[in-house]
Amino acid sequence: MTIAALADWLPLKGQPLLISGPCGAETPDQVLETARLLQTHTSISLFRAGIWKPRTRPNAFEGVGEIGLHWLKEVQALGLKTTTEVANAQHTELALKHGVDVLWIGARTTVNPFSVQEIADVLKGVDIPVMIKNPIHADLQLWLGAIERVANSGITKLAAIHRGFHVYGKTKYRNKPFWQLPIELRTILPHLPIICDPSHITGKRELILPVAQKALDLGMDGLMIESHLDPSVALSDAQQQLTPFDLSTLLKQLVIRSGSVANPFLMDKLMTLRNNIDEIDEEVLNLLKRRVQVIEEMGVYKKEHGIQIFQLERWQEILRTRSQLAEKLGLSRQHVEKLCQLLHEESIKIQNEVMNRKLEERA
Ligand code: PEP
Ligand code: MN
């Protein structure tokens with residue numbers, strides 16, 4: 001996949017790279033005034049505004065439609081690049097016709113390969129940057145698939161937007177971040193820029209700062225944060241929008257840490273710590289090898305004496321004692337329980353293999 005550098009299509013006006021603007025374009029004044037204030041108070045690289053709003057329930061504000069694209073033209077006249085969400089072929093054609101600078105595909109669209117393909121087909125032969133939000137649920141393949149569909153149309157100016165994932169029930173965040181997904185995406189496509197959208201992750205402006213900080217600490221390439229002239233009267237996502245001024249205050253609180261370590265003294269210390277981790281990991285793996293050997297012996301023993309592999313009481317005892325030890329050692333109980341679960345799954349698998357091996361030998 002050919003992926004252009006972010007700097008090829010988005011001017012880096014400040015640190016971190018910032019995409020901002022209202023959830024939805026509501027009136028010409030709201031759009032223009034928000035853009036002006038963002039220009040005054042922040043170093044915004046790209047102005048966002050939803051023109052077509054995918055809403056969970058009908059009768060909510062569904063966006064102003066095509067007329068909003070004229071308002072984005074006025075924002076361009078201020079010297080800002082613009083972006084809007086496209087969810088089907090018609091949106092895409094209209095956004096192209098009105099010269100929107102960058103397109104984004106929303107979470108509700110990424111889940112649907114038909115819609116993504118329909119958009120990708122319109123984009124064949126067009127040179128425009130496209131940002132692809134993660135799908136509503138935590139499915140990396142679906143996210144990758146959408147990126148591939150757009151890339152297959154010849155689009156090289158690509159970025160992913162991490163906006164969190166829906167989970168059932170009441171949770172702290174509107175959409176759980178599951179940071180391991182963008183990290184995995186980075187591992188698979190190291191050159192793909194990833195922008196974090198803490199507005200849609202948190203759903204609440206009070207929680208945006210720590211999530212934005214974490215995104216930067218994980219090496220994400222920029223932030224998309226919703227802003228509104230007056231969030232209290234916003235027609236969509238009122239609770240998560242910030243005034244441009246409050247956004248500038250938030251941005252000043254972010255700590256920008258460098259991705260690589262240029263200072264040789266810092267590098268020295270880091271090398272020592274990394275060496276320690278390497279050694280510890282080696283010890284852990286050697287212990288794991290010993291554990292596997294004992295499990296194999298146990299499998300043989302159980303088979304010879306007609307004992308079932310899974311013993312509920314033993315498993316409960318393992319969980320209980322390891323959790324207690326975790327607590328005593330000041331380790332995260334949750335982390336250790338997860339680890340036990342993994343070890344136990346592997347243990348069952350190995351013992352099963354031992355039993356079957358014996359069966360085959362007898363046959
Ligand atoms: C949005 O950016 O306003 C939006 C609708 O986002 P998402 O697709 O992440 O829900
Ligand atoms: Mn929104």
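Keep in mind the model is a prediction, meaning the values are calculated, not measured. (Residues numbered from 1 in each chain as written. Chains lettered and ligands numbered in written order. Predicted model: local features only at pLDDT ≥ 70, side-chain atom pairs only at ≥ 80, totals over all residues. Heavy atoms only, no water.)

### Some details on the overall build of the protein
Right, on to step 1. Of regular secondary structure, the protein possesses 13 helices and eight strands.
Right, on to step 2. Seen through its principal axes, the protein has C-alpha atoms that stretch 80 × 50 × 40 Å.
Right, on to step 3. By the burial criterion, 44% of the 363 residues in the protein qualify as buried.
Right, on to step 4. Taking as baseline every contact in the protein between residues at least 6 positions apart, the subset at least 24 positions apart corresponds to 73%.
Right, on to step 5. Accessible surface computed for the protein: about 19,600 Å², of which carbon and sulfur atoms make up 54%.
Right, on to step 6. Each charge class in the protein can be summarised by its mean position, and for the 42 positive and 42 negative side chains these summaries are 4 Å apart. (Helix = DSSP H or I, 4+ residues; strand = E, 2+ residues; numbered from the N terminus. Buried < 20%, exposed > 50% of the residue type's maximum accessible area, 1.4 Å probe, protein only. Contact = heavy atoms within 4.5 Å. Areas by Shrake-Rupley, 256 points an atom, 1.4 Å probe, with all protein chains shown as cover. Lys, Arg positive; Asp, Glu negative; His and termini not counted. Charge placed at Lys NZ, Arg CZ, Asp CG, Glu CD.)

### Here's the deal with the site of ligand 1
Right, on to step 1. All residues in the neighbourhood of ligand 1 are listed as Cys23, Arg48, Lys53, Glu85, Trp104, Gly106, Ala107, Arg108, Lys133, Arg163, His200 and Glu226.
Right, on to step 2. For ligand 1, an oxygen atom lies 2.6 Å from a polar atom in the side chain of arginine 163.
Right, on to step 3. Compared with its free state, where it exposes 300 Å², ligand 1 has 97% of that area covered by protein. (Near = heavy atom within 4 Å. Polar contact = N/O pair within 3.5 Å; in protein donor to acceptor, adjacent residues only side chain to side chain.)

### Structural notes on the nonpolar core
Right, on to step 1. Phe47, Ile132 and Leu185 are the most contacted members of the largest nonpolar core, which totals 63 residues.
Right, on to step 2. Tallying contributions element by element places helix α6 (residues 140-152) first for this core, with seven residues.
Right, on to step 3. Here isoleucine 132 is in contact with Ile105, Thr110, Trp143, Ala146, Ile147, Val150, Leu158, Ala159, Ala160 and Ile161, once residues within four sequence places are set aside. (Core = buried A, V, L, I, M, F, W, Y, C linked by side-chain atoms within 4.5 Å.)

### Some details on a negative patch on the surface
Right, on to step 1. On the surface, a cluster of negative charge is contributed by Asp278, Glu279, Asp281, Glu282 and Glu283.
Right, on to step 2. Along the chain, glutamate 283 turns up in helix α11 (residues 264-304). (Patch = residues over 30% accessible without salt bridge, like charges linked within 9 Å, V, L, I, M, F, W, Y side chains within 5 Å. Salt bridge = Lys/Arg side-chain N within 4 Å of Asp/Glu carboxyl O.)

### Here we look at the sheet that holds strand β2 (residues 44-48)
Right, on to step 1. Sheet architecture is closed into a barrel: eight strands sit in the order β1-β2-β3-β4-β5-β6-β7-β8, paired in parallel fashion. With direction set aside, neighbouring strand axes in the sheet form an average angle of 30°. (Pairing = 2+ DSSP bridges. Axes fitted to C-alpha atoms, helices over the stretch in contact; angles between N-to-C directions.)

### Thoughts on the side chain of lysine 157
Right, on to step 1. Within the secondary structure layout, lysine 157 lies in the loop between α6 and β6 (158-162).
Right, on to step 2. Looking at lysine 157, its side chain comes within polar contact range of the side chain of aspartate 127, at 3.1 Å.
Right, on to step 3. The contact partners of lysine 157, leaving out residues within four places of it in the chain, are Ala4, Trp9, Asp127, Ile128, Pro129 and Val130.

### Topic: the packing of helix α1 (residues 28-41) against helix α10 (residues 244-253)
Right, on to step 1. Their axes nearest at 9 Å, the elements α1 and α10 cross at an angle of 30°. Taken together, the axes of α1 and α10 lie roughly parallel to each other. Crossing angle aside, the handedness with which α1 passes α10 is right-handed. Contact residues: α1 offers Thr34, Leu37, Leu38 and His41, while α10 offers Pro244, Phe245, Leu247 and Ser248.
Right, on to step 2. A breakdown of the residues in the contact of α1 with α10 according to their chemical character gives five nonpolar, three polar and no charged. (Parallel < 35°, antiparallel > 145°, perpendicular 65-115°, else oblique. Left-handed = near helix turned anticlockwise from the far one by under 90°. Nonpolar A, V, L, I, M, F, W, Y, C, P; charged D, E, K, R; others polar.)

### A short note on the coordination of the manganese ion (ligand 2)
Right, on to step 1. On the protein side, the manganese ion (ligand 2) has Cys23 (SG), His200 (NE2), Glu226 (OE) and Asp237 (OD) as donor atoms, found 2.1 to 2.4 Å from it.
Right, on to step 2. The sequence motif formed by the donor residues of the manganese ion (ligand 2) is C-x176-H-x25-E-x10-D. Of this pair, histidine 200 sits in helix α8 (residues 198-202) while aspartate 237 is found in the loop between β8 (222-226) and α10, placing the two residues 37 residues apart along the sequence. (Donors = N, O, S within 2.8 Å, 3.2 Å for Na, K, Ca; no water.)

### Details of the pairing of strand β4 (residues 102-105)
Right, on to step 1. Residues Val102 and Trp104 of β4 are buried on one face, and the alternating residues Leu103 and Ile105, pointing to the opposite face, are buried as well.
Right, on to step 2. Bridge count between strand β3 (residues 82-85) and β4: three bridges; the pairing is parallel. Looking at β4, one finds that glutamate 85 is bridged to tryptophan 104.
Right, on to step 3. Two strands pair when backbone bridges link them, and β4 and strand β5 (residues 130-133) are joined in this way by three bridges, in the parallel orientation. Note that in β5 the partner of leucine 103 across the bridge is valine 130.

### Points about helix α7 (residues 180-188)
Right, on to step 1. Along α7, the positions that sit buried rather than exposed are Leu181, Pro182 and Leu185. Seen along its axis, α7 keeps its buried residues to an arc of 95°; they face one direction.
Right, on to step 2. Buried positions along α7 lie against α6, β6 and β7 (194-196). (Arc of directions from axis to C-beta.)

### Re the packing of α1 against helix α2 (residues 67-77)
Right, on to step 1. The contact between α1 and α2 brings their axes to 10 Å, and the two run at 25°. One finds that α1 runs roughly parallel with respect to α2. The way α1 lies across α2 gives a crossing that is right-handed. Contact residues: α1 offers Pro28, Val31, Leu32 and Ala35, while α2 offers Trp71, Glu74 and Val75.

### Re helix α3 (residues 89-97)
Right, on to step 1. Among the residues of α3, those classed as buried are Ala89, His91, Thr92, Leu94 and Ala95.
Right, on to step 2. If you follow the buried residues of α3, they end up packed against α2, β3, β4 and α5 (113-122).
Right, on to step 3. Regarding α3, its N-cap is asparagine 88, as a side-chain oxygen of that residue lies 3.1 Å from the backbone nitrogen of glutamine 90 further along.
Right, on to step 4. Looking one or two residues beyond α3, the residue adopting positive phi is glycine 99, at roughly 70°.

### Things to note about the side chain of aspartate 197
Right, on to step 1. By secondary structure assignment, the location of aspartate 197 is in the loop between β7 and α8.
Right, on to step 2. Within the structure, aspartate 197 has its side chain in polar contact with the side chain of lysine 133 (distance 2.8 Å).
Right, on to step 3. Residue contacts for aspartate 197: discarding those within four places in its chain leaves Lys133, Ile161, His162, Arg163 and Met224.

### Overview of the domain arrangement of the protein
Right, on to step 1. Assigned domains of the protein: these are domain 1 (6-253) and domain 2 (264-362).
Right, on to step 2. When each unit is reduced to the centre of its C-alpha atoms, the spacing between domain 1 and domain 2 is 42 Å. (Domains from an automatic or database assignment.)

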